[in-house]
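So you can see what is in the structure, the chains are spelled out below.
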Amino acid sequence: MPHQLTENPIIKSLIGLSRHHCAQTLSSEGVDSIEFGHWLAIPSQRLLLVFRHQQCGAIDEYQLAA
């Protein structure tokens, strides 16, 4: 079943925020994240926040590697 990005208002509200603010928001909500490159991964949601020009511009799903 595909994950609905709009199910979580916290995740949806991250669009437009800086990486620092996204990481801070997730941390304050008790959601672990991993920063790397131009992405911020949210393993519990299997989501990637994609940053461009220092702002979150997209949210994408990813599959777990076998």
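The preceding data block contains the structure.
The structure presented is a predicted model; accordingly, all values stated were derived computationally and were not measured.

S.K.: Help me get a handle on the environment of Lys-12, residues and values and all.
M.R.: Following the sequence through the fold, Lys-12 ends up in helix α1 (residues 9-12). When its relative accessible area of 51% is taken as the criterion, Lys-12 is described as exposed. Separated by 46 residues in the primary sequence, Lys-12 and Ala-58 place their C-alpha atoms 9.7 Å from one another.

S.K.: An account of the environment of His-20 is needed here, citing residue identities and associated values.
M.R.: With respect to the secondary-structure elements, His-20 resides in helix α2 (residues 19-28). Considered as a pair, His-20 and Gln-55 are 35 residues apart in the sequence and their alpha carbons are 9.5 Å apart.

S.K.: If you had to explain unusual backbone geometry to someone new, which residues and values would you point to?
M.R.: Look at His-53: it is not a glycine, yet its phi comes out positive at around 55°. Phi is positive for Gln-54, which is not a glycine, with a value near 70°. Note that Gln-54 resides in the loop between β3 (47-52) and β4 (55-61). Residue classification places Gln-54 among the exposed positions, given a relative accessible area of 65%.

S.K.: Lay out the nonpolar core in plain terms, naming residues and giving numbers.
M.R.: Counting 11 residues, the largest nonpolar core is built from Ile-11, Leu-14, Cys-22, Leu-26, Leu-40, Ile-42, Leu-47, Leu-49, Phe-51, Cys-56 and Ile-59. Contributions of two or more residues to this core are made by α2, β2 (39-42), β3 and β4. Here the element with the most residues in this core is β3; it accounts for three residues. Setting aside residues no more than four positions away along its own chain, Ile-42 makes contact with Ile-11, Leu-26, Val-31, Asp-32, Leu-47, Leu-49 and Tyr-62.

S.K.: Quick one: what's the story with the state of the cysteines, residue by residue and with numbers?
M.R.: Under the defined criterion, the tally for this structure stands at zero disulfides. The closest cysteine sulfur to the non-disulfide-bonded Cys-22 is located on Cys-56, 4.7 Å from its own sulfur. The class for Cys-22 is buried, based on a relative accessible area of 0%. The exposure class assigned to Cys-56 is buried, which follows from its relative accessible area of 2%.

Rules used in this analysis
Residues numbered from 1 in each chain as written. Predicted model: local features only at pLDDT ≥ 70, side-chain atom pairs only at ≥ 80, totals over all residues. Heavy atoms only, no water. Helix = DSSP H or I, 4+ residues; strand = E, 2+ residues; numbered from the N terminus. Buried < 20%, exposed > 50% of the residue type's maximum accessible area, 1.4 Å probe, protein only. Core = buried A, V, L, I, M, F, W, Y, C linked by side-chain atoms within 4.5 Å. Contact = heavy atoms within 4.5 Å. Disulfide = S-S within 2.5 Å.

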